[in-house]
Amino acid sequence: MPITDMRKLEAVVSLDDDERAWDPDGPSTLPMLISDSLIPLLSNPAIRHQFVPTASENRDCIGSLDPQQEAEHHGTKRLIHRYGSRAAFCTTDSCFAYCRHCFRRRFAGHLAGPASREEILAAAEYAASHKGIKEILLTGGDLFTLSDSRIEEMLSIFRSICPGVILRLCTRAVLTCPERFTNNLMDIIRRYASMGAPFFLMTQFNHPEELTERSCRAVARFVDIGIPAFNQSVLLKGVNDDEETLIALSDKLLMNRIKPYYLFQDDPVRGTDHLRVDIERGLEIERNIRASLSGLAMPQYTADLPDGGGKVILTHQYLKGRTMHDGRPRYIFETPDGEERYYPE
Ligand SMILES: *Cc1c(COP(=O)(O)O)cnc(C)c1O
Ligand code: SF4
């Protein structure tokens, strides 16, 4: 049985004072939910930090519940059309476990359950009539908390109304509920993935220890049927804010045929301040890991700007300036090793 309160949690792990003092009715607004698969992983502080709430959440009451102002970019009730070429469809508000750093806090655990048939139809028709939309993110919440028959209904509607639109299956269930990916579910996915534009699997692994044998097997079921896997992690204090952990994470992702895609700066959402890493330190980490990771292994460090500004890539500046040399302009660069080089204009 999933754990939903501190009393039940205390029966399986011993709690510290900050965890015991968490107030579920405080301003944090995200309920506690820890799935069975996570329980054996809670002995790892990096994983525990992501799922066990603490009183720090109650103290961090600065910040908005919706810093991206997603609520203002709705194409349809559940379709967020923030970027021209892609849109995010909120399939449900449920997840198998709630991540304490979740940026959709206004939403996860609070919306009125799964999308209705009418809401799915409205989103698919919106995508079909806005020709600029090339990709739809099936996100949430977690798509895979839905029943097989609801997932089948959703995929069949999107495939019949907008077959040319790529579908991204965004999920943390490969970690939080790997047993969800049954033969029956995978048969459904395989069937619709072969009709029309490709599917992509978008995972969220934040620490190498989350890539358990079972979660890797769940991801492999997608990759084996031709669905490429990409990982979006969140940079989190006390979880993965050191170079060694992030390098090990990227190495393990690649070994499991998952391309590291984004490393997100944690958004300034209420209740998450204690998990956030300074951007200055984030940039230092980005530079250091880039020096030892291949292009394939390197995620893009990215921030989603407040007030609905959108995503921007954060990277160390290697271009230092431009000067004149012998009457001709040239650029000044810093090499990854910290030396200076010139590049003629
Ligand atoms: C992040 C995001 C996307 C996808 O952005 P990519 O940079 O293409 O991964 C789409 N819609 C919304 C609302 C998003 O927040
Ligand atoms: S799985 Fe995603 S939507 Fe669900 S709580 Fe975690 S970050 Fe939020």
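Everything below is about the structure printed above this text.
Residues numbered from 1 in each chain as written. Chains lettered and ligands numbered in written order. Predicted model: local features only at pLDDT ≥ 70, side-chain atom pairs only at ≥ 80, totals over all residues. Heavy atoms only, no water.

J.: I'm lost on unusual backbone geometry in this one. Help?
T.: Note: most residues except glycine have negative phi, and most peptide bonds are trans. Along the chain, glycine 140 connects to glycine 141 via a cis peptide bond; the corresponding omega equals 5°. Structurally, glycine 141 can be placed in the loop between strand E4 (135-139) and helix H6 (148-161). Phi at arginine 257 takes a positive value of approximately 65°, unusual for a residue other than glycine. Phi is positive for aspartate 307, which is not a glycine, with a value near 60°. As for its placement among the helices and strands, aspartate 307 is situated in the loop between strand E9 (300-305) and strand E10 (310-313). When its relative accessible area of 61% is taken as the criterion, aspartate 307 is described as exposed. (Helix = DSSP H or I, 4+ residues; strand = E, 2+ residues; numbered from the N terminus. Buried < 20%, exposed > 50% of the residue type's maximum accessible area, 1.4 Å probe, protein only.)

J.: In this structure, what is going on with helix H11 (residues 279-292)? I would like to understand it.
T.: Structurally, the α-helix is built with 3.6 residues per turn, so residues lying three or four positions apart point the same way. Spanning 14 residues, H11 covers 20 Å between terminal C-alpha atoms, matching the ideal 20 Å at 1.5 Å per step. Those residues of H11 hidden inside the fold are in contact with strand E7 (229-235), helix H10 (243-255) and E9. (Expected span 1.5 Å × (residues − 1). Contact = heavy atoms within 4.5 Å.)

J.: Explain the site of ligand 1 to me, please; I cannot follow it from the model alone.
T.: Taken together, 10 residues sit near ligand 1, with Arg86, Arg168, Tyr261, Tyr262 and Lys311 positioned nearest. Contact between ligand 1 and arginine 168: an oxygen atom at 2.8 Å from a side-chain N or O atom of the residue. Take tyrosine 262: an N or O atom from its side chain is 2.5 Å from an oxygen atom of ligand 1. Here ligand 1, which alone exposes 390 Å², has 91% of that area covered by the protein. Broken down by secondary-structure element, the contributors of at least two residues to the shell around ligand 1 are strand E2 (79-83) and strand E8 (258-265). At 3 residues, E2 tops the list of elements feeding residues into the shell around ligand 1. (Near = heavy atom within 4 Å. Polar contact = N/O pair within 3.5 Å; in protein donor to acceptor, adjacent residues only side chain to side chain. Areas by Shrake-Rupley, 256 points an atom, 1.4 Å probe, with all protein chains shown as cover.)

J.: What is the right way to read the site of ligand 2 from this model?
T.: All residues in the neighbourhood of ligand 2 are listed as Cys95, Ala97, Tyr98, Cys99, Cys102, Gly141, Arg172 and Gln204. The residue makeup of the shell around ligand 2, split by class, is 5 nonpolar, 2 polar and 1 charged. (Nonpolar A, V, L, I, M, F, W, Y, C, P; charged D, E, K, R; others polar.)

J.: Hey, could you run me through the packing of aromatic side chains in this one?
T.: Aromatic ring pairs are reported here in terms of the distance separating the ring centres and the angle at which the planes meet. A complete count under the given rule lists 9 aromatic pairs for this structure. Ring pairing ties together the aromatic residues Phe200, Phe230, Tyr261, Tyr262 and Phe264, which thus form one cluster. Here the guanidinium or amino end of arginine 82 rests over the ring plane of tyrosine 83, the centre of that ring lying 5.1 Å away. A cation over an aromatic ring shows up here: arginine 330 above the ring of tyrosine 342, its NZ or CZ 3.6 Å from the ring centre. (Phe/Tyr/Trp six-rings, centres within 6.5 Å; stacked < 30°, edge-to-face > 60°. Lys NZ or Arg CZ within 6 Å of the ring centre and 35° of its normal.)

J.: What exactly am I supposed to notice about the sheet that holds E8 here?
T.: Two strands in a sheet stick together by hydrogen bonds in their backbones, pointing the same way (parallel) or opposite ways (antiparallel). The strand order across the open sheet built from 10 strands is E1-E2-E3-E4-E5-E6-E7-E8-E9-E10, with neighbouring strands paired in mixed fashion. Looking at which strands have only one partner, the edges of the open sheet turn out to be strand E1 (74-76) and E10. Direction aside, the axes of adjacent strands within the sheet are offset by 30° on average. Where E2 and strand E3 (residues 86-90) come together, 3 bridges link them in antiparallel fashion. Among the inter-strand pairings, leucine 79 is bridged to a residue of E3, identified as phenylalanine 89. Seen against the sheet, H10 touches E7 and E8 and runs at an angle of roughly 145° to E8. Packing against the sheet, H11 makes contact with E7, E8 and E9, and its axis sits at approximately 155° to E9. (Pairing = 2+ DSSP bridges. Axes fitted to C-alpha atoms, helices over the stretch in contact; angles between N-to-C directions.)

J.: Can you walk me through the side chain of glutamate 210 in this structure?
T.: Its place among the elements puts glutamate 210 in the loop between strand E6 (199-203) and helix H9 (213-224). Glutamate 210 gets classed as buried once you look at its relative accessible area, which sits at 0%. For glutamate 210, the side chain forms a polar contact with the side chain of arginine 172, separated by 2.8 Å. Beyond its immediate stretch of four places on either side in the chain, glutamate 210 contacts Ile47, Gln50, Arg172, Leu175, Gln204, Phe205 and Ser215.

J.: How should the pattern of salt bridges be read in this particular structure?
T.: In a structure, side chains of opposite charge can pair up when their charged atoms sit close to one another. Applying the stated rule across the entire model yields 24 salt bridges. The partner of aspartate 17 in a salt bridge is arginine 20, with the nearest N and O atoms 3.3 Å apart. With a gap of 3 residues between them, aspartate 17 and arginine 20 both fall in helix H2 (residues 17-20), about one helical turn apart. We classify aspartate 17 as exposed; its relative accessible area is 61%. Judged by relative accessible area, which is 41%, arginine 20 ranks as partly exposed. Among the salt bridges present, the one from glutamate 119 reaches lysine 77, with a minimum N-O distance of 2.9 Å. On the criterion of sequence distance, the pair formed by glutamate 119 in helix H5 (residues 117-129) and lysine 77 in the loop between E1 and E2 is long-range, its members being 42 residues apart. Accessibility expressed as a relative area gives 58% for lysine 77, which makes it exposed. Within the structure, one salt-bridge network assembled from shared partners comprises Glu10, Asp17 and Arg20. (Salt bridge = Lys/Arg side-chain N within 4 Å of Asp/Glu carboxyl O.)

J.: Quick question: what am I supposed to make of H9 here?
T.: Look at H9: 16 Å from first C-alpha to last across 12 residues, which is about the 16 Å you get at 1.5 Å a residue. Among the residues of H9, Ser215, Cys216, Ala218, Val219, Ala220, Phe222 and Val223 are the ones counted as buried. In this structure, the buried side of H9 is in contact with strand E5 (166-171), helix H7 (173-176), helix H8 (183-193), E6, E7 and E8. Once H9 ends, the next one or two residues include glycine 226, with phi positive near 90°.

Bear in mind that shape data such as this cannot, by itself, settle questions of function.
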